[in-house]
Amino acid sequence: MGWIEAICGPMFSGKSEELIRRLRRASIARKQVQVFKPAIDTRYSGDEIVTHDDVRMGSESVNSAEEILAKLHWRTQVIGIDEANFFGQPLLEVANQLADSGKRVIVAGLDTDYMGRPFPPMPDLLAIAESITKTLAICVRCGNPAKHTQRLVDSDELILIGATGAYEARCRACFEPGFPRQELLDFAAIGQSSATVPD
Ligand code: ADP
Ligand code: ZN
């Protein structure tokens, strides 16, 4: 019998790590495994998923959710899909179809965007999944558990592929939706205090 497992959380929370862990265990159990990621995410490597800790696993890049079906080998039993938030709503139908046909489908993706809003299609994927794991990162500001992906560059694009330093993990209290104006405020405050330092 097939099913859908969802892994969701912010960047740096260990989603890819967890996905790779489950897929490796499936391989050890001699299951036929295939791993997919969106072609849009070319940050590290064309044919591998890579964690922030540089753990790697071979994968196939696809341009759409439908292409996963096209590239599927009939013998494949376990399907891993990373960066699910880049596939859009068509991923729902594809994941359902795979699970209905007896496959184990493990999907990992961001559950919220740079504004803290639910990131389609993850909310719907969570609803149709048999199992959900929410991973949290560590807030780089205060050290508390972090559920947010903080954008550090000024852009209103929903999808802005993470160049180094473009994002960091933050908790609910430290998160600033969009581009952190706080950075500018800190800068202004420094300017101000230095101006009032007596010489
Ligand atoms: P994700 O797929 O959720 O972006 P990865 O699996 O690629 O996460 O990376 C997780 C790893 O990133 C952690 O094991 C840790 O070593 C590292 N890391 C770097 N910054 C942080 C952070 N702020 N909080 C937690 N882990 C972090
Ligand atoms: Zn914090």
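Above this text is the structure in question.
The shown structure was predicted, so the numbers you read here are calculated from the model rather than taken from an experiment.

Participant: Which residues make up the overall build of the protein chain, and what are the values?
Facilitator: Along the protein chain, the regular secondary structure elements total five helices and twelve strands. Every one of the 199 residues in the protein chain was classed for burial, and the buried ones make up 44%. For the protein chain, long-range pairs separated by at least 24 residues make up 70% of all intrachain contacts whose partners lie at least 6 apart in sequence. Summed over all atoms, the accessible surface of the protein chain reaches about 10400 Å², with 54% contributed by carbon and sulfur.

Participant: Go over the coordination of the zinc ion (ligand 2) with me, naming the residues and quoting the values.
Facilitator: Protein coordination at the zinc ion (ligand 2) comes from Cys139 (SG), Cys142 (SG), Cys171 (SG) and Cys174 (SG), with a distance range of 2.3 to 2.4 Å. Seen from the zinc ion (ligand 2), its four donor atoms lie at angles of 104 to 117°, and the figure they make is tetrahedral. All donors of the zinc ion (ligand 2) come from a single chain, and their spacing in sequence reads C-x2-C-x28-C-x2-C. Of the two residues, Cys142 sits in the loop between strand E9 (137-138) and strand E10 (145-146) while Cys171 sits in the loop between strand E12 (167-170) and helix H5 (181-196), which places them 29 residues apart along the sequence. By relative accessible area, Cys142 is classed as partly exposed at 39%. The class of Cys171 is buried, set by a relative accessible area of 6%.

Participant: Describe the pairing of strand E2 (residues 33-38), with residues and values.
Facilitator: Of all six residues that make up E2, five are buried, and the element is covered over most of its length. In this sheet, strand E5 (residues 60-62) lies alongside E2 in parallel orientation, the contact comprising three bridges. The partner of Phe36 across the bridge, within E5, is Glu60.

Participant: Which residues make up the environment of Val50, and what values go with them?
Facilitator: Relative to the helices and strands, Val50 resides in strand E3 (residues 48-50). Between the C-alpha atoms of Val50 and Ser16, which are 34 residues apart in sequence, the distance is 7.4 Å.

Participant: Outline unusual backbone geometry, listing residues and values.
Facilitator: Across the junction of Pro120 and Pro121, the peptide omega takes the value 0°, indicating a cis bond. Checked against the element boundaries, Pro121 lands in the loop between strand E7 (104-110) and helix H4 (122-128). A positive phi angle is found at Arg30, which is not glycine, with a value near 65°. Mapped onto the fold, Arg30 is located in the loop between helix H1 (15-28) and E2. On the accessibility criterion, Arg30 (73% relative accessible area) is exposed. Phi at Asp54 is positive, roughly 65°, even though this residue is not glycine.

Participant: Can you break down helix H3 (residues 90-100) residue by residue, with the values?
Facilitator: Listed as buried for H3 are Leu91, Leu92, Val94, Ala95, Leu98 and Ala99. Taken together, the buried residues of H3 touch strand E1 (3-9), helix H2 (65-71), strand E6 (78-81), E7 and H4.

Participant: Which residues make up the site of ligand 1, and what values go with them?
Facilitator: Lining the immediate environment of ligand 1, one finds 15 residues, of which Lys15, Glu17, His52, Asp53 and Ile138 sit closest. Between an oxygen atom of ligand 1 and a main-chain N or O atom of Gly14, the distance comes to 3.0 Å. Lys15 is positioned with one of its side-chain polar atoms (N or O) 2.7 Å from an oxygen atom of ligand 1. Of all the secondary-structure elements, those providing two or more residues to the shell around ligand 1 are H1 and E9. When residues of the shell around ligand 1 are assigned to their parent elements, the largest contribution, three residues, is made by H1. Residue classes in the shell around ligand 1 are distributed as seven nonpolar, five polar and three charged.

Cut-offs used in this document
Residues numbered from 1 in each chain as written. Chains lettered and ligands numbered in written order. Predicted model: local features only at pLDDT ≥ 70, side-chain atom pairs only at ≥ 80, totals over all residues. Heavy atoms only, no water. Helix = DSSP H or I, 4+ residues; strand = E, 2+ residues; numbered from the N terminus. Buried < 20%, exposed > 50% of the residue type's maximum accessible area, 1.4 Å probe, protein only. Contact = heavy atoms within 4.5 Å. Areas by Shrake-Rupley, 256 points an atom, 1.4 Å probe, with all protein chains shown as cover. Donors = N, O, S within 2.8 Å, 3.2 Å for Na, K, Ca; no water. Tetrahedral: all angles 85-135°; square planar, octahedral: opposite > 155°, others 65-115°. Pairing = 2+ DSSP bridges. Near = heavy atom within 4 Å. Polar contact = N/O pair within 3.5 Å; in protein donor to acceptor, adjacent residues only side chain to side chain. Nonpolar A, V, L, I, M, F, W, Y, C, P; charged D, E, K, R; others polar.

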